[in-house]
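These are the residues of each chain, in order.
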Amino acid sequence: MKIALDLDKDLFIPHLESDDSSDVIEQLSSQLYESGYVKEEYISAIKKRELEYPTGLPSASPAVAIPHADFNLVNKTTVAVATLSNPVNFHDMEDVKKTIPVQIVIMLAIGEPHGQVEMLQRVVGIIQDEKLRKDILNANTSEELLALIEPSLLGILN
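In short, a report on the structure. For clarity, every value in this text was computed on a predicted model and none was experimentally measured. (Residues numbered from 1 in each chain as written. Predicted model: local features only at pLDDT ≥ 70, side-chain atom pairs only at ≥ 80, totals over all residues. Heavy atoms only, no water.)

## Observations concerning the overall build of the protein chain
Argument step 1. Looking only at helices and strands, the protein chain has 5 helices and 5 strands in total.
Argument step 2. Counting across all 158 residues of the protein chain, residues that qualify as buried make up 49%.
Argument step 3. Within the protein chain, counting contacts between residues at least 6 apart in sequence, those at least 24 apart form 72% of the total.
Argument step 4. Considering the protein chain, the positive charge centre built from 13 side chains and the negative charge centre built from 25 side chains are found 5 Å apart. (Helix = DSSP H or I, 4+ residues; strand = E, 2+ residues; numbered from the N terminus. Buried < 20%, exposed > 50% of the residue type's maximum accessible area, 1.4 Å probe, protein only. Contact = heavy atoms within 4.5 Å. Lys, Arg positive; Asp, Glu negative; His and termini not counted. Charge placed at Lys NZ, Arg CZ, Asp CG, Glu CD.)

## Some points on the nonpolar core
Argument step 1. By size, the foremost hydrophobic cluster in this structure holds 51 residues, and its most contacted members are Phe12, Leu32, Tyr42, Ile106 and Leu153.
Argument step 2. With 8 residues, the single largest contributor to this core is strand β5 (residues 99-109).
Argument step 3. In this view, Leu153 contacts Leu5, Leu7, Val79, Met119, Arg122, Val123 and Ile126; residues no more than four positions away in its chain are not counted. (Core = buried A, V, L, I, M, F, W, Y, C linked by side-chain atoms within 4.5 Å.)

## A few points about the layout of surface pockets
Argument step 1. Of the pockets and cavities examined, the largest pocket occupies roughly 160 Å³.
Argument step 2. At the level of elements, α1 (21-34), α2 (41-52) and β4 (78-91) are the ones that each hand at least two residues to the lining of the largest pocket.
Argument step 3. Class assignment of the residues belonging to the lining of the largest pocket gives a composition of 4 nonpolar, 3 polar and 2 charged. (1 Å grid on protein atoms, 1.4 Å probe; cavity = no way out; pocket = protein on both sides within 12 Å on 5 of 7 lines; lining within 4 Å. Points joined across faces, edges and corners; volume = space filled by probe spheres on them. Nonpolar A, V, L, I, M, F, W, Y, C, P; charged D, E, K, R; others polar.)

## Description of the pattern of salt bridges
Argument step 1. In this structure the tally under the stated criterion is 8 salt bridges.
Argument step 2. With a closest N to O distance of 3.7 Å, Lys9 and Asp10 form a salt bridge.
Argument step 3. With relative accessibility at 45%, the residue Asp10 sits in the partly exposed group.
Argument step 4. One salt bridge connects Glu130 with Lys134, and the closest N-O pair in it is separated by 3.2 Å. (Salt bridge = Lys/Arg side-chain N within 4 Å of Asp/Glu carboxyl O.)

## Some words on the packing of α1 against α2
Argument step 1. One way to put it is that α1 packs onto α2 with a least axis distance of 9 Å and a crossing angle of 150 degrees. Overall, the two elements α1 and α2 adopt an arrangement that is roughly antiparallel. In terms of crossing hand, the pair formed by α1 and α2 is right-handed. Contact residues: α1 offers Ser22, Ile25, Glu26, Ser29, Ser30, Leu32 and Tyr33, while α2 offers Tyr42, Ile43, Ile46, Lys47 and Glu50. (Axes fitted to C-alpha atoms, helices over the stretch in contact; angles between N-to-C directions. Parallel < 35°, antiparallel > 145°, perpendicular 65-115°, else oblique. Left-handed = near helix turned anticlockwise from the far one by under 90°.)

## Notes on the sheet that holds strand β2 (residues 56-57)
Argument step 1. Strand order in the open sheet made by the 5 strands is β1-β4-β5-β3-β2, with mixed pairing throughout. Edge positions in the sheet fall to β1 (12-16) and β2, since each of these pairs with one other strand and no more.
Argument step 2. Relative to β5, α2 is tilted by about 140 degrees, and along the sheet it contacts β2, β4 and β5.
Argument step 3. Against the sheet, helix α3 (residues 115-127) makes contact with β2, β3 (63-65), β4 and β5, and its axis sits at roughly 140 degrees relative to β5, the strand it touches most. (Pairing = 2+ DSSP bridges.)

## What about α2?
Argument step 1. Here α2 contains 12 residues, and its C-alpha end-to-end distance of 17 Å stays within 8% of the 16 Å for a straight helix at 1.5 Å per residue.
Argument step 2. All of the buried residues along α2 are Tyr42, Ile43, Ile46 and Glu50. With its buried residues spanning 105 degrees around the axis, α2 presents them on a single face. Looking at α2, the residues exposed on the side facing more than 90 degrees away from the buried face are Lys48 and Leu51.
Argument step 3. Buried residues along α2 sit in contact with α1, β2, β4 and β5. (Expected span 1.5 Å × (residues − 1). Arc of directions from axis to C-beta.)

## Comments concerning the side chain of Thr77
Argument step 1. Structurally, the position occupied by Thr77 is in the loop between β3 and β4.
Argument step 2. Taking relative accessible area as the criterion, Thr77 reaches 5% and is therefore assigned buried.
Argument step 3. Within polar-contact distance, the side chain of Thr77 engages the backbone nitrogen of Gly111 at 2.8 Å. (Polar contact = N/O pair within 3.5 Å; in protein donor to acceptor, adjacent residues only side chain to side chain.)

Set out below in structure tokens:
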């Protein structure tokens, strides 16, 4: 199954300033909403889901979180990516009592019921590539960030 993925450089935000994971999620999901990719309910749904099912991934620094919400709140499939000026704690998806200092957030907005698993597999490729994660963290512009991530997502999908 192929996912129709629309990547928008306005959804790639280097050096985002934020104090906590809730604020990061608010900023990214609001940007998705303002750009027309998700319904307004997506913003509260993704926050609620993060509390119930944390998305911090245990890995070497820079660590990654992959927040997402239900496909029925998505108008058009995309991802929003932020690198954080300062790490913020996300709860560990494997052990919710632990937190992980995250510096890269890849928010998934997948509009197809079975697309989530496929997209997560693509994102895992990024997460497992330590050099790529460091390059992503060092990107200074939206264009740079998009150029680093796009091949991993589109190269496999299209």
